[in-house]
Amino acid sequence: MSQNQLVGTWRNQHGNIFDFRRDGTLRSRWTGDKTNAISYFSYRLVGDKLCIYYAAKPDEYLRRARQAVLGMNTEHYDVTTLSPDELGLLDSRSGETVLFERSHDAILNDEP
C-alpha cells in the first residue's frame, strides 16, 4: 500500500468525509454538521498501518475528534482495503471496520 493510493477524498456510510493530501495533511468534516466545520490532521501510512494526528489541539480534543470523525477510539488503524474505489479502516481494539468510498467534496477540496 502506498500513500499515493490513499490521496483523495473518501466518504463513509455515516457522512464523514476525509480529504487525504499528498503532503501528509488531512482535512475532514461531517455532512451532518450544518456549520461545515473542518478539522485538520496529519497522517502517515506505513505498510498497512495508518496513523492520524490532530494538527493543532491537545490529546483530549484528539480523542473526541477521532470518535466524532471515525467513530473509533484510537488514532492507529489497520488498512484492510485500499483500492481505487474503497478504503477500509480497522480499529484493532474494538474490531470495528469502517468503510469509505471515493467521493468528491467541494468544501474540503477547496480548503487550503
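Preceding this paragraph is the structure being described.
Because the structure is a prediction, the values reported are computed rather than measured. (Residues numbered from 1 in each chain as written. Predicted model: local features only at pLDDT ≥ 70, side-chain atom pairs only at ≥ 80, totals over all residues. Heavy atoms only, no water.)

(A) Quick look at the nonpolar core. Grouped together as the largest cluster of nonpolar side chains are 19 residues, with contacts concentrated most on Leu 6, Phe 20, Tyr 43, Leu 50, Ile 52 and Leu 87. Ignoring any residue separated from it by four or fewer positions in sequence, one finds Leu 87 in contact with Leu 6, Trp 10, Phe 20, Val 79, Thr 81, Leu 82, Val 98, Leu 99 and Phe 100. (Core = buried A, V, L, I, M, F, W, Y, C linked by side-chain atoms within 4.5 Å. Buried < 20%, exposed > 50% of the residue type's maximum accessible area, 1.4 Å probe, protein only. Contact = heavy atoms within 4.5 Å.)

(B) Just the packing of aromatic side chains, in detail. Per the counting criterion, the structure on display carries 3 aromatic pairs. What links up through ring pairs into an aromatic cluster is the set Phe 18, Phe 20, Tyr 43 and Phe 100. (Phe/Tyr/Trp six-rings, centres within 6.5 Å; stacked < 30°, edge-to-face > 60°.)

(C) Region of the structure containing the pattern of salt bridges. Throughout the structure, instances matching the rule amount to 3 salt bridges. In this structure, Arg 21 and Asp 19 form a salt bridge, with 2.6 Å as the shortest nitrogen-oxygen distance. Neither Arg 21 nor Asp 19 differs from the other in exposure class; each is buried. A salt bridge links Lys 49 to Asp 78, with the nearest nitrogen and oxygen atoms 2.5 Å apart. Pair noted here: Lys 49 is in strand S5 (residues 49-54) and Asp 78 is in strand S6 (residues 76-82), with a separation of 29 residues, a long-range link. Judged by relative accessible area, Lys 49 falls into the partly exposed class, the value being 41%. A relative accessible area of 17% places Asp 78 in the buried class. (Salt bridge = Lys/Arg side-chain N within 4 Å of Asp/Glu carboxyl O. Helix = DSSP H or I, 4+ residues; strand = E, 2+ residues; numbered from the N terminus.)

(D) Inspection of the pairing of strand S4 (residues 39-46) at higher detail. Burial along S4 is one-sided: the residues Ser 39, Phe 41, Tyr 43 and Leu 45 are buried and none of Tyr 40, Ser 42, Arg 44 and Val 46 is. Where strand S3 (residues 25-30) and S4 come together, 4 bridges link them in antiparallel fashion. Bridged to Leu 26 within S4 is Phe 41. Where S4 lies against S5, 6 bridges are found, and the strand directions are antiparallel. Note on S5: the bridge partner recorded for Ser 42 is Tyr 53. Linkage of S4 to S5, two consecutive antiparallel strands, is achieved through a turn of 2 residues, within which Gly 47 is found at a positive phi near 65 degrees. (Pairing = 2+ DSSP bridges.)

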